[in-house]
Amino acid sequence: LHRNPGEQEFHQAVHEVLETLGPVLVKHPEFVDSRIIQRICEPERQIIFRVPWQDDNGEIQINRAFRVEFNSALGPYKGGMRFHPSVYLGIIKFLGFEQIFKNALTGLPIGGGKGGSDFDPKGRSDSEIMRFCQSLMTELYRHLGEYTDVPAGDIGVSQREIGYLFGQYKRITNRYESGVLTGKGLGWGGSCARTEATGYGTVFFVQEMLKARGESLDGRKMVVSGSGNVAIYAIQKAQQLGAHVVACSDSSGILVDEEGLDLDRIRRIKEVERRRISDYADEKPHARYVQDGNVWRVPCDVALPCATQNELNGQDAKYLVENGCRAVAEGANMPTTPEGAQVFREAGIAYGPGKAANAGGVATSALEMQQNASRDSWSFEHTENRLEQIMANIHRDCFETAEAFGSPGNYVVGANIAAFLRVARAMEAQGLI
Ligand code: NDP
């Protein structure tokens, strides 16, 4: 705590992992002797830099950007960039720390890192976004490389931003190094199914959790928070598998459509017109948009938090359980507070933590890196099949590890221990690093 004052989200993420590792340290005292825990909590490198840029009015703007290269025991640093005004070092470190374990769970050769900026893209023109991205990359490029550090998108960073970042990297380095960023467009080195991967993967994970209990998604009522990249494709896959999705949200309120959300309409509003989901209700009379509404009060069988950290607290978890919710899988990173997670644990519902349930995004990024390295491009169907297999493997790993370490059905314990063992063993093998 005293080494990282004020980094509340980072403390929360570390605490959530460490409180589950007791049984591993009893079984493996060598990890205590080699101080693996202390080493794993300290990033290998942290970069903080200034991003000056000019807005459309000719005013000079200054933002702060970060890249935390947390752990490279399993491969090059890998993790997204987040553009949001709430970004500070504590957020990026929490995300980077989570990323180490998530990436280990995928079984693919990727280390953990994360980055971002306190830049607020809302209301900015396309050329402002481009100038900001170019300025950011003018510093960041020196820390990146396909064997070193490979960023991707996150909140506020989608294919458009990745395009501007990639263009500037190429211009500065004079290298068409496809594998330096993931989340690229399909015509210039991107992978089929990457846009869909995090949302699809979260739904594949919840499907596995239900299967383990002899249940299925078909006909289940579902609520999804957020209406960004992860939420949209979680809704799409859930609908394809027969779920009835009745609500989603954004930072201003919630959208409820008991007839089932019309995803084409949402995608047009969000992805094409770049408007707000409140406009959906204006166009469809029986749907309602509730300003400042709480999406977790909408009764459902399955809930997918896909917006942001700490968006589902203890009281929200109680609403869900009381209304009969049977399964929760986190598309977002650390969306449930520790109190919320405790409510789920005590109620015995299936609860899939983000580092397992949303690992499909980074797994497909690693598949994009494989395609780039072999100058190949796979079909949508092939890539989606690999994603589905990876999610089933992660589920099995978490499930079996939880059992082996005395906490059957506890996916938090299973995910943390399975991932920790993979990283800790690699660190041990590589000496004092
Ligand atoms: P987007 O920027 O595409 O969407 C974020 C969505 O969450 C928006 O609808 C936003 O609404 C909403 N939101 C943000 N803050 C709040 C809040 N306080 N309350 C309610 N809604 C809010 O981001 P992504 O979909 O890419 O990311 C969502 C989450 O998933 C994040 O936690 C991210 O770290 C995680 N994730 C993303 C991956 C990816 O591949 N993109 C991979 C793994 C995890 P508004 O527009 O009003 O701000």
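Quantities reported herein were computed from a predicted structural model and do not represent experimental measurements. (Residues numbered from 1 in each chain as written. Predicted model: local features only at pLDDT ≥ 70, side-chain atom pairs only at ≥ 80, totals over all residues.)

1. Considerations on the site of the ligand
For clarity, the threshold we go by: For each residue, a C-beta position is placed from the backbone atoms; the residue is near a molecule or strand when that point lies within 6 Å of it. Counting from the N terminus, the helices are the DSSP runs of H or I reaching at least four residues and the strands are the DSSP runs of E reaching at least two. Ten residues, namely Ala, Val, Leu, Ile, Met, Phe, Trp, Tyr, Cys and Pro, are considered nonpolar, four, namely Asp, Glu, Lys and Arg, are considered charged, and the remaining ones, Gly among them, are considered polar.
Inspection of the region around the ligand gives 24 residues, with Gly226, Gly228, Ser251, Ala332 and Gly361 positioned closest. Looking at the shell around the ligand, the elements with two or more residues in it are helix H9 (229–240) and strand S7 (244–250). Residues belonging to the shell around the ligand are distributed by class as follows: six nonpolar, 15 polar and three charged.

2. Considering helix H7 (residues 159–173)
So the rule is basically this: To estimate the expected span of a helix, subtract one from its residue number and multiply by 1.5 Å. Counts of 20 or more other C-beta atoms within 10 Å of a residue's own C-beta define buried residues, counts of 12 or fewer define exposed ones, and intermediate counts define partly exposed ones; C-beta atoms are placed from the backbone. This arc is taken over the directions from the axis of the helix to the C-beta atoms. Any two residues are considered in contact once their C-beta atoms, placed from the backbone, lie within 7 Å.
Along its 15 residues, H7 runs 21 Å from first to last C-alpha, staying within 8% of the 21 Å computed at 1.5 Å per residue. Within H7, burial applies to Glu161, Ile162, Leu165, Phe166 and Tyr169. Around the axis of H7, the buried residues are gathered within 130 degrees of arc, so they sit on the same side. The secondary structure elements touched by the buried residues of H7 are helix H6 (126–140). Looking one or two residues past H7, Asn174 carries a phi angle of roughly 55 degrees, positive in sign.

3. Describing the domain arrangement of the protein chain
One frequently used descriptor of interface size is the decrease in accessible area upon assembly of the parts. Threshold: The split into domains, and so the bounds of each, comes from an automatic or database assignment of domains.
Looking at the protein chain, the domain boundaries give domain 1 (39–180) and domain 2 (195–352). One C-alpha centre belongs to domain 1, the other to domain 2, and the line joining them spans 27 Å. With five residues of domain 1 at the contact, the number on the domain 2 side is four residues. Taken together, the residues that form the side of domain 1 that touches domain 2 break down as three nonpolar, one polar and one charged.

4. Here we look at helix H8 (residues 194–212)
Let me state the cut-off plainly: Throughout, bend refers to the angle between the axes fitted to the seven residues that end at a position and the seven residues that start at it.
Here H8 spans 27 Å end to end across 19 residues, near enough to the 27 Å set by a 1.5 Å rise per residue. Roughly 30 degrees is the biggest bend found in H8, and it falls at Tyr200. Among the 19 residues that make up H8, 17 are buried, leaving the element largely enclosed by the rest of the structure. Where H8 ends, the next residue or the one after it, Gly214, has phi of about 75 degrees, a positive value.

5. Some details on the sheet that holds strand S3 (residues 77–83)
How we decide: We treat two strands as partners when DSSP finds at least two bridges between them. Every angle, taken between N-to-C directions, lies between 0 and 180 degrees, and every axis is a line fitted to C-alpha atoms, over only the stretch in contact when it is a helix.
Pairing within the open sheet is mixed, and its five strands lie in the order S1-S2-S4-S3-S5. Pairing within the sheet leaves two strands with one partner each, and these edge strands are strand S1 (45–54) and strand S5 (149–152). When the angles between neighbouring strand axes are averaged without regard to direction, this sheet yields 20 degrees. By the bridge criterion, 10 bridges tie S1 to strand S2 (residues 60–71) in an arrangement that is antiparallel. Within the sheet, the bridge partner assigned to Arg50 lies in S2 and is Arg64. Strand contacts of helix H5 (residues 89–105): S2, S3 and strand S4 (112–117), with the helix running at about 150 degrees to S4, the strand carrying the most contacts.

6. Notes on the packing of helix H16 (residues 380–404) against helix H17 (residues 411–429)
In a packed pair of helices, the relevant descriptors are the angle between the two axes and the axis-to-axis distance. To be explicit about the condition: If an angle is under 35 degrees, it is roughly parallel; if it is over 145, roughly antiparallel; if it lies from 65 to 115, roughly perpendicular; otherwise it is oblique.
Between H16 and H17, the least distance of the axes is 7 Å, while the angle of their chain directions is 100 degrees. When the interaxial angle is binned, H16 and H17 end up roughly perpendicular. Here Asp397, Cys398, Phe399, Thr401 and Ala402 of H16 lie close against H17, whose contacting residues are Tyr411, Val413, Gly414, Ala415, Ile417 and Ala418.

7. Concerning the sheet that holds strand S8 (residues 253–256)
With mixed pairing, the seven strands of this open sheet are ordered in space as S9-S8-S7-S6-S10-S11-S12. Looking at the sheet topology across the chains shown, the edges are occupied by strand S9 (288–291) and strand S12 (350–352). Averaged over all adjacent pairs, the angle separating strand axes in this sheet is 15 degrees, with direction ignored. Examined bridge by bridge, S7 and S8 share four bridges and lie antiparallel to one another. When the bridges of S8 are listed, Ala247 appears paired with Val256. Packed onto the sheet, H8 meets strand S10 (302–304), strand S11 (327–329) and S12 and runs at close to 150 degrees relative to S11.

8. Some details on the pairing of S2
Counting the residues between successive antiparallel strands, the hairpin from S1 to S2 contains five residues, one of them, Gly58, with a positive phi of roughly 85 degrees. Sheet topology places S2 next to S4; six bridges connect them, and they run antiparallel. Residue pairing for S4: Asn71 is matched across the bridge by Gly112.

9. Quick notes on the packing of H9 against helix H10 (residues 263–272)
Basically, it comes down to this: Throughout, a crossing is termed right-handed when the near helix is turned clockwise from the far one, and left-handed when it is turned anticlockwise from it by less than a right angle.
Running from N to C, H9 and H10 point in directions that differ by 165 degrees, and their axes come no closer than 11 Å. On the basis of the axis angle, H9 is roughly antiparallel to H10. The element H9 and its partner H10 pack so that their crossing is left-handed. Contact residues: Ile232, Ile235, Gln236 and Gln239 in H9; Leu263, Ile266, Arg267 and Lys270 in H10.

10. Some details on unusual backbone geometry
Even without being a glycine, Arg35 presents a positive backbone phi close to 55 degrees. Position of Arg35 among the secondary structure elements: in the loop between helix H3 (30–33) and helix H4 (36–40). In this structure, Arg274 takes a positive phi of about 50 degrees despite not being glycine.

11. Things to note about the UniProt feature "active site" (unreviewed entry) in the protein chain
Inclusion rule: UniProt positions are given in the numbering used here, feature names are shortened, and annotations may be inferred rather than shown by experiment.
UniProt annotation of "active site" (unreviewed entry) refers to Lys114 when read in the numbering used here. Tracing the sequence through the fold places Lys114 in strand S4. When neighbours within four sequence positions are excluded, Lys114 is seen to be in contact with Val68, Gly79, Gly80, Ile92, Leu95, Gly96 and Gln99.

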